[in-house]
Structures are given as C-alpha cells and as structure tokens.
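Each chain, letter by letter, is given below.
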Amino acid sequence: MKKQLFEYHFHGCIGHKTIELDRKAYEEISIFLKETGDTDAFLATFSAAPIDNLVQCLEFCRNLMADEPLPGAQLAGVYLEGPFVRVAGGMTESLLARPSLKEAKRLVAAGQEIIKIITVAPELTGALPVIEYFASEGINVSAGHFCCSPEVLKDAVSAGVSSITHFCNNGEGALKNEDGVYFTDGPFLDILADDRLTVEMICDGVHVNPKLVKTVWRAKGRERFIAITDGCAATGMPGKRLSFPDSVGTSAEFDVRNGALYIADTDKLTGSLVTMNRIYDNLINFCGMSEADAEYACSTLPRKIIRRK
C-alpha cells in the first residue's frame, strides 16, 4: 500500500517556491508531492519576509484551503520560519526582524488559525512576550535560527517554546571535550535532555550526519522526533547552478552539489533536494527504524503536533 507521508517543513519543489502565490503553482507542487514523494499533505513554509508580504502569503493560503481541494497533496496550514530570527542561514539577512507584539498580532489576524508553527530566536530582544503570545493563540512555537545560551532557551521553553527548528542546523553549539569532560557553550545538550522539546531534523544524509540522526532519535524518543525535508524549489529540477528569487523578488544563485543545495560559490548549505519517501527510507537505513516508527516520524507525529493545541 502506498505511503501517506506529511511535509512538515517545506519551501517548494520543481521550480516553484511557496512564496509563489498562484494556485497553478500550488497545484503542480501538490501533484509532485503526491506522485513523487508519497505525500498527501504539507505545510507551506515561508522564510523571513516583510510582514506585509507574510500577511499576503497567509491570506492566499487561507483562501486556497477554503477553495476546492488541490489535485494531489493537500495544504494543511502554514509554517512561518521567520522573520523573528537571528541567524539568516539561507534567508536574506536584511529581511530578519526583531520580535514585535504588534506585528505578531498582524500575523495571527491574517492567519486565522492556519499558522501551525512559527520559528523565533529566543535570545532576541522582545522574544519572550512574542513567544507567550503565539503560544496563547494555540500556535506551536519553535526555537530556531538562533545562537542562544542554555539559560535563555530554558526561559523560552517556560514562555511556550515546544520544539526546535531543524535541530543540528542552528546555533546549538559544538560539543567539546576537555580532559575527558564533554560540554557545549550552547543548548545542544539541554535540547537533547529536555523532554518538553520536540525536534525536527533534516534527514537527507547531508545536513546531519546519519549517525547523529540515529543518536538524536534514540535520545528524544518516538514522541519527540519529526523527520523533515526542508525541501526547496530545486527539488526535482535538473541543473547545477540555479537561480531563485527571495520573498521580495531579489534573485539569488545556488549550486547543486553532493545531493544538496548550497549558496552559490560557498559551502553554506541551504534547503535539501529529497522528498519524504526518501526521508522515510533514510530513517530505516540510518536508524534501523521499523516501518512503523519511520511512518510515525514522517507522518503520524507531525499531524499530531499541528492538532495538539
């Protein structure tokens, strides 16, 4: 029987980005996910952008979800991966913003219950009241694109953070060893040890070492581990040098190497190029998961998370 997987953190495929606010583009995305990735539902993930642009994205998605069903995988909501983050990663740095309650309320009003997750860097000035507000509105708040201390993360969890955006691809801090004692300056170990935190991980075999994927899955357990693609518009496309616009239309170039996407002429990883059925197979191969556990990480748990609050 064909699998029914879930794209929890997904920016686009076959040349289309989720910021392309056009039903035809979403129909093509929908068909590709269903036919190529064994995926029946997805969250449209939006990177950092001006609030006005994100409001437009939310209104488009809300109307699309209220319209007739897409021909393949169905849009199940929105994942905002910004703009209230500190580390740009593959985003346009000038589009990052400090947390603002006023702007947070604009997003919630435009989203009208379709915002399922939002990423916030907890060390930013004004982050804690914004985290508390989003959590009070039933939105899952994820810490990500950050570079914070364990103490700051602990305060953020108390304020409402319940998950970590693409764990091991943030600023969680390098694990160090001195005289046989392991430690980290960041919250890496705290994330592993805190049973209140669910982690999502890019399980393409490039963004995170497969042995680390296995270790994190064992440490966090079945109920706190979500496998993601962090898929981008280059997924399913031929070519080695590709160009895509950011959320305000500024074009940027990327290189396809080693089965992943890099910012052009750098070793800086950005989105992955795999579909969810590849992620499912990787979990079985990387972690020795059963088919049931792999399906749980790729489908069952992410659906539970977006319904939890």
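See above for the structure.
Read on for an overview of the structure.

**Here we look at helix H9 (residues 291-307)**
Here comes step 1: Here H9 is 17 residues long and its end C-alpha atoms lie 23 Å apart, about the 24 Å a rise of 1.5 Å per residue gives.
Here comes step 2: Where H9 bends most, at alanine 297, the angle is about 45 degrees.
Here comes step 3: The complete set of buried residues in H9 reads Asp293, Ala294, Tyr296, Ala297, Cys298, Ser299, Leu301, Pro302, Arg303, Ile305 and Ile306.

**What to know about helix H5 (residues 150-159)**
Here comes step 1: Within H5, the full set of buried residues consists of Pro150, Leu153, Ala156, Val157 and Ala159.
Here comes step 2: Next to the buried residues of H5 lie helix H4 (127-136), strand E7 (140-143), strand E8 (161-164) and helix H6 (188-193).
Here comes step 3: Following H5 by one or two positions, glycine 160 has its phi on the positive side, about 140 degrees.

**Things to note about the layout of surface pockets**
Where empty space is left becomes clear once a probe the size of a water molecule has been rolled over the atoms.
Here comes step 1: Taken as a whole, the largest pocket holds about 750 Å³ of empty space.
Here comes step 2: Lining the largest pocket are 40 residues, with Ser47, Gly90, Met91, Thr270 and Gly271 positioned closest to its centre.
Here comes step 3: At the level of secondary structure, the elements contributing two or more residues to the lining of the largest pocket comprise strand E4 (39-47), strand E13 (241-245), strand E14 (251-257), strand E15 (260-263) and strand E16 (269-272).
Here comes step 4: Examining the composition of the lining of the largest pocket, we find that three residues originate from one element, E16, more than from any other.
Here comes step 5: Taken together, the residues of the lining of the largest pocket break down into 17 nonpolar, 18 polar and five charged.
Here comes step 6: What the second largest pocket holds in volume is close to 220 Å³.
Here comes step 7: Contributing to the lining of the second largest pocket are 14 residues, with Glu113, Ile115, Glu137, Gly138 and Ile139 lying nearest its centre.
Here comes step 8: Broken down by secondary-structure element, the contributors of at least two residues to the lining of the second largest pocket are helix H3 (101-111), strand E6 (115-120) and H9.

Quick notes on the rules
Residues numbered from 1 in each chain as written. Predicted model: local features only at pLDDT ≥ 70, side-chain atom pairs only at ≥ 80, totals over all residues. Heavy atoms only, no water. Helix = DSSP H or I, 4+ residues; strand = E, 2+ residues; numbered from the N terminus. Expected span 1.5 Å × (residues − 1). Bend = angle between axes of the 7 residues up to and from the residue. Buried < 20%, exposed > 50% of the residue type's maximum accessible area, 1.4 Å probe, protein only. Contact = heavy atoms within 4.5 Å. 1 Å grid on protein atoms, 1.4 Å probe; cavity = no way out; pocket = protein on both sides within 12 Å on 5 of 7 lines; lining within 4 Å. Points joined across faces, edges and corners; volume = space filled by probe spheres on them. Nonpolar A, V, L, I, M, F, W, Y, C, P; charged D, E, K, R; others polar.

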